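Letter by letter, the chains look like this.
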Amino acid sequence: MAIPFELTIYGVPVSQQTRNRERLREWRQEVNNAAKREWTEAPFDSGPLMVTITYVYDAVRLDVDNIPKPILDGLEQVVFPDDRRITDMLCRRRDLKDNLQIQTFSPVLSEALARSTPFVHISVDHAPDQGVIT
C-alpha cells in the first residue's frame, strides 16, 4: 500500500466535543482498526501529507470542525507516525440526499456512495508544494 491511501468507515463519526469519552475512545479505535486492515506497510514517514475527510450523512449532521481530530488520532502510528506530518487538511460534510457527484473517480468512494448509508471517506496523499500558498 502506498500514498495516496484511502479508506471508508461506515456509520456516523464521533465528534471531538462529545461528552461520551468512552464512545470517543471506541471511535478512535474503530478508525485505527480500519486503517490497519487497509494499510499494510510501516507508517509513511517521508515528507508532508495532506488528509481529506468527507463525512456523508443522512440525519446526523455534525460540526465539520469537530470531525478530524479523532480520525487523525486513529490513523496515527498506522498510516503516519505522527500527525505533525500533516501540513494540509480538508474536511467536508455532504448530505446523502443531495445529488452528489465524484469529480475525481475513486472506486472506494464510488462503492460507499452506492450503499446509500452514512460514511466517512478518508484520503491521505502527498501534501502540495510547501513553498506555495493558494
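Just so it is clear, the model here is predicted, and its values are computed rather than measured. (Residues numbered from 1 in each chain as written. Predicted model: local features only at pLDDT ≥ 70, side-chain atom pairs only at ≥ 80, totals over all residues. Heavy atoms only, no water.)

(A) Inspection of the overall build of the protein at higher detail. Counting secondary structure elements, the protein contains 3 helices and 4 strands. The secondary structure elements of the protein, listed N-terminal to C-terminal, are β-α-β-α-β-α-β. Over its C-alpha trace the protein gives a radius of gyration of 15 Å, about what one expects of a compact globule, namely 14 Å for 134 residues. Along the three orthogonal principal directions, the C-alpha set of the protein runs to about 40 × 35 × 30 Å. Counting the 134 residues in the protein, one finds 37% classified as buried. A sequence separation of at least 24 residues applies to 80% of the contacts in the protein between residues at least 6 apart. If you sum the accessible surface of the protein, you get close to 7900 Å²; carbon and sulfur atoms cover 46% of it. Looking at the protein, you have 16 positive and 20 negative side-chain charges, and the mean spots of the two groups are 6 Å apart. (Helix = DSSP H or I, 4+ residues; strand = E, 2+ residues; numbered from the N terminus. Rg over C-alpha atoms; globule rule 2.2 N^0.38 Å. Buried < 20%, exposed > 50% of the residue type's maximum accessible area, 1.4 Å probe, protein only. Contact = heavy atoms within 4.5 Å. Areas by Shrake-Rupley, 256 points an atom, 1.4 Å probe, with all protein chains shown as cover. Lys, Arg positive; Asp, Glu negative; His and termini not counted. Charge placed at Lys NZ, Arg CZ, Asp CG, Glu CD.)

(B) Molecular detail of the nonpolar core. Counting 29 residues, the largest nonpolar core has Ile-71, Leu-75, Val-79, Ile-122 and Val-124 as the members making the most contacts within it. Contributions of two or more residues to this core are made by β1 (5-10), α1 (21-38), β2 (49-57), α2 (68-75) and β4 (119-126). Sequence-distant contacts of Val-79, defined by excluding residues within four places in its chain, comprise Phe-5, Ala-35, Trp-39, Pro-43, Phe-44 and Val-124. Among the nonpolar cores identified, the runner-up in size contains 5 residues, and Val-56, Leu-96, Ala-112 and Phe-119 belong to it. (Core = buried A, V, L, I, M, F, W, Y, C linked by side-chain atoms within 4.5 Å.)

(C) The arrangement of the packing of α1 against α2 in detail. Viewed as axis vectors pointing N to C, α1 and α2 meet at an angle of 50°, and their least axial separation amounts to 7 Å. Taken together, the axis directions place α1 and α2 in an arrangement best described as oblique. As for the relative orientation of α1 and α2, their crossing is right-handed in sense. Mapping the contact onto sequence places Leu-24, Trp-27, Arg-28, Val-31, Asn-32 and Ala-35 in α1 and Pro-70, Ile-71, Asp-73, Gly-74 and Leu-75 in α2. (Axes fitted to C-alpha atoms, helices over the stretch in contact; angles between N-to-C directions. Parallel < 35°, antiparallel > 145°, perpendicular 65-115°, else oblique. Left-handed = near helix turned anticlockwise from the far one by under 90°.)

(D) Representation of the sheet that holds strand β3 (residues 86-95) in the model. Spatially, the 4 strands line up as an open sheet ordered β1-β4-β2-β3, and their pairing is mixed. For this open sheet the edge positions go to β1 and β3, each flanked by a neighbour on one side alone. Shown here is a sheet whose adjacent strand axes are inclined to one another by a mean of 15°, direction ignored. Looking at chain direction, β2 and β3 are connected through 9 bridges and run parallel. Paired with Leu-49 across the strands is Ile-86, a residue of β3. Across the sheet, helix α3 (residues 107-114) lies against β1, β2 and β4, angled at about 15° from β1, the strand it touches most. (Pairing = 2+ DSSP bridges.)

(E) The pattern of salt bridges, seen in detail. Under the criterion given, the structure shown has 9 salt bridges. A salt bridge links Lys-69 to Asp-73; the nearest nitrogen and oxygen atoms lie 3.0 Å apart. Here Lys-69 pairs with Asp-73, and both are found in helix α2, just 4 residues apart, close to one helical turn. On the basis of relative accessibility, which here comes to 23%, the residue Asp-73 falls in the partly exposed class. Among the ionic pairs, Lys-97 bridges to Asp-95, the shortest N-O distance being 3.5 Å. On the basis of relative accessible area, Lys-97 is assigned to the exposed category, the value being 63%. Each member of the salt-bridge network shares a partner with another, and the members are Arg-28, Lys-69, Asp-73 and Asp-83. (Salt bridge = Lys/Arg side-chain N within 4 Å of Asp/Glu carboxyl O.)

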